[in-house]
Amino acid sequence: MVQELIVAITAACSASVIYVAAGARIVKQYERGVVFRLGRLAGEVRSPGFTMIVPFVDRLRKVNMQIVTLPIPAQEGITRDNVTVRVDAVVYFRVVDAPNAIIQVEDYRFAVSQMAQTSLRSIIGKSDLDDLLSNREKLNQGLELMIDSPAIGWGVQIDRVEIKDVSLPETMKRSMARQAEADRERRARIINADAELQASKKLAQAAEVMSEQPAALQLRLLQTVVAVAAEKNSTLVLPFPVELLRFLERAQSGQPPVVTAPQPQPQTPVVERQPAVEPVEPPAAPDRINGVPEALGLPEAFADTEGFRIPDAFGLLHEPGLPGDPGEADEPAGPEDSRKPDGSGKAAQPAEPEEPTR
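Here we summarise the structure given alongside this text. (Residues numbered from 1 in each chain as written. Predicted model: local features only at pLDDT ≥ 70, side-chain atom pairs only at ≥ 80, totals over all residues. Heavy atoms only, no water.)

Description of the side chain of Glu31
Just so we agree on the cut-off: What counts as a helix is a DSSP run of H or I of at least four residues, what counts as a strand is a run of E of at least two, and both are numbered from the N terminus. Note on exposure labels: buried denotes an accessible area under 20% of the residue type's maximum, exposed denotes more than 50%, and partly exposed covers the range between, all computed with a 1.4 Å probe on protein chains only. The charge count treats Lys and Arg as positive and Asp and Glu as negative. His and the chain ends do not count. Salt bridge, as used here, is a side-chain nitrogen of Lys or Arg placed within 4 Å of a carboxyl oxygen of Asp or Glu. By definition, residues are in contact when any of their heavy atoms lie within 4.5 Å.
Positionally, Glu31 belongs in strand β2 (residues 31-37). Summary of buried charges: Glu31 has no salt-bridge partner, and the nearest side chain of opposite charge, Lys62, is 4.4 Å away. Residue contacts for Glu31: discarding those within four places in its chain leaves Pro48, Lys62, Val63 and Met65.

Here you go:
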């Protein structure tokens, strides 16, 4: 009898230990326990540590409360400015309400993933390409709000959403590269123009100073010569102004160089005068009747000193209106002016003809 009692007590103790062991549960620090008793939510959420449930009656569901990193697959879409892009992102979320994460949604991980993909496609269609590339912070905030709105009812809180990469077509990449190159070139030209403007102002100031001291210009010329002479592969042609030679001459003779400021000279109009042209008188025409034969270029042998007719051997004295011209018929002579030989054997002298009008 005693043995049977001992066996019964031992069996009861063993059953109690097994029962207690079957109902014992340990909840980790990063977990929360949700107990369902006969299919219904029973009691509060079990905190981390050792907890007991009714074996074969209660069922404990552990929910991870850590932050979950969920990558979003790359989504292809068309931006508002009609550019085809592929965008992928990552979502950081965690469970803040364990009962709702178990009761309100079947699989909160899958639900958050699908909602993130849909929201990412919507963000791509509402944004421009420049916003996707340079204004990602604003897009991340908008994407976070779009995913967090339905996730609050699931007991899930979206901590952060980040767009990882934006893939562009090759043609678009080349176009953007040309655009960036053109923009760089534009900025380089603006910088060069600004530098030229500043340099021109400084050169104008230097020119004013050199105009007051002409010796400064000579010193600047010598400095330029020294700088150019440093290159041995160059040929230097140096014009020497007269002022520099005078300056060196005064320095060699021991006299102090005199530097005078250039005095402004009054500008007087210069009138060019043409040299006076003296009139040239034409040579007098030779007198072929009463003149000297040398004026006609004839030798002295042809001079008619005794009133004889000059032989016309060269055809120089044949002129209309002259006596003895064979080309003109003689006028009929009257009885008073007929030519009769006198006793001397000479023919009578004809009357002197009138001088022809030139």
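What follows picks up the thread again.
Points about the nonpolar core
Which entries qualify depends on this criterion: Residues grouped as a nonpolar core are buried Ala, Val, Leu, Ile, Met, Phe, Trp, Tyr and Cys residues, joined through side-chain atoms within 4.5 Å.
Of all hydrophobic cores here, the largest spans 37 residues; its most connected members are Val85, Val87, Val91, Phe93, Val112, Val156 and Ile158. Those elements giving two or more residues to this core turn out to be β2, β6 (68-78), β7 (84-95), α2 (98-103), α3 (108-126), α4 (129-134), α5 (136-151) and β8 (156-167). When residues of this core are assigned to their parent elements, the largest contribution, seven residues, is made by α3. Among residues more than four places away in sequence, those in contact with Val85 are Gln75, Glu76, Gly77, Thr79, Ile124, Leu129, Leu132, Val166, Ser167 and Leu168. One finds Val27, Ala42, Ile53 and Leu60 within the second-largest nonpolar core, a separate group that totals five residues.

Structural notes on the pattern of salt bridges
Scanning the entire structure with this criterion turns up nine salt bridges. One salt bridge in this structure joins Arg186 and Asp183, with 2.7 Å as the shortest N-O distance. Of this pair, Arg186 and Asp183 both sit in helix α6 (residues 170-212), three residues apart, which is roughly one turn of that helix.

Details of the sheet that holds strand β3 (residues 40-41)
For the record, the criterion: Two strands pair under a simple rule: DSSP has to find at least two bridges between them.
Pairing in this open sheet of three strands is antiparallel, and the strands run β3-β2-β5 from one edge to the other. On the outer flanks of this sheet lie β3 and β5 (58-64), each paired with one strand and no other. Bridging between β2 and β3 involves two bridges; their strand directions are antiparallel. Bridging across to β3, Phe36 finds its partner in Leu41.

Quick word on the side chain of Arg46
Structurally, Arg46 is set in the loop between β3 and β4 (49-52). Of the side chains bearing the opposite charge, Asp58 lies closest to the buried Arg46, which forms no salt bridge; the N-O distance is 5.0 Å. For Arg46, the contacting residues outside a window of four places in its chain are Val27, Arg32, Gly33, Val35, Thr51, Met52, Ile53 and Leu60.

Description of a nonpolar patch on the surface
Stated precisely, the cut-off is as follows: A patch consists of residues exposed above 30% relative accessible area that lack any salt bridge, with like charges linked at up to 9 Å and nonpolar side chains (Val, Leu, Ile, Met, Phe, Trp, Tyr) linked at up to 5 Å. Each accessible area value is a Shrake-Rupley result obtained with a 1.4 Å probe; residue values ignore everything except the protein chains displayed when judging cover.
A grouping of Tyr19, Val20, Ile26, Leu38, Phe50, Met52, Phe56 and Val57 is seen on the molecular surface, where their side chains present a nonpolar patch of about 910 Å² in accessible area. Mapped by element, the contributors of at least two residues to the nonpolar patch are α1 (2-23) and β4. Residue position: Val57 is located in the loop between β4 and β5. Accessibility expressed as a relative area gives 31% for Val57, which makes it partly exposed.

Quick look at the packing of aromatic side chains
The condition that has to hold: Aromatic contacts are taken between Phe, Tyr and Trp rings whose centres are within 6.5 Å, Trp giving its six-membered ring; a plane angle under 30 degrees counts as stacked, one over 60 as edge-to-face, and the others as tilted.
Here the structure, examined in full by the defined rule, presents one aromatic pair. Between the aromatic rings of Phe93 and Tyr108, the centroid separation amounts to 6.5 Å while the plane-to-plane angle is 85°, which identifies the pairing as edge-to-face. Within this pair, whereas Phe93 is found in strand β7, its partner Tyr108 is found in helix α3, the two being separated by 15 residues in sequence. A single burial state applies to Phe93 and to Tyr108, both of which are buried.

Some remarks on the environment of Lys164
By secondary structure assignment, the location of Lys164 is in strand β8. Overall, the relative accessible area of 48% leaves Lys164 in the partly exposed class. Contacts of Lys164, omitting those with residues within four sequence positions, involve Asp88, Ala89, Val90 and Arg136.

Some details on the sheet that holds β8
In a beta sheet, neighbouring strands are held together by backbone hydrogen bonds and run either parallel or antiparallel to one another. How we decide: To obtain an axis, a line is fitted to C-alpha atoms, over the contacting stretch when the element is a helix, and the angle between two such axes runs from 0 to 180 degrees between their N-to-C directions.
Strands sit in the order β6-β7-β8 across an open sheet of three strands; the sheet is antiparallel. Across the chains shown, the open sheet's two edge strands, defined by having one partner strand only, are β6 and β8. Between one strand and the next, the sheet's axes are offset by a mean angle of 25°, whatever the strand orientation. Two elements, β6 and β7, share nine bridges in a ladder whose sense is antiparallel. Directly across from Pro71, in β7, lies its bridge partner Val90. Contacts from α3 reach β6, β7 and β8 within the one sheet, and its direction differs from that of β6 by about 35°. Set on the sheet, α5 makes contact with β7 and β8; between it and β8 the angle comes to about 140°.

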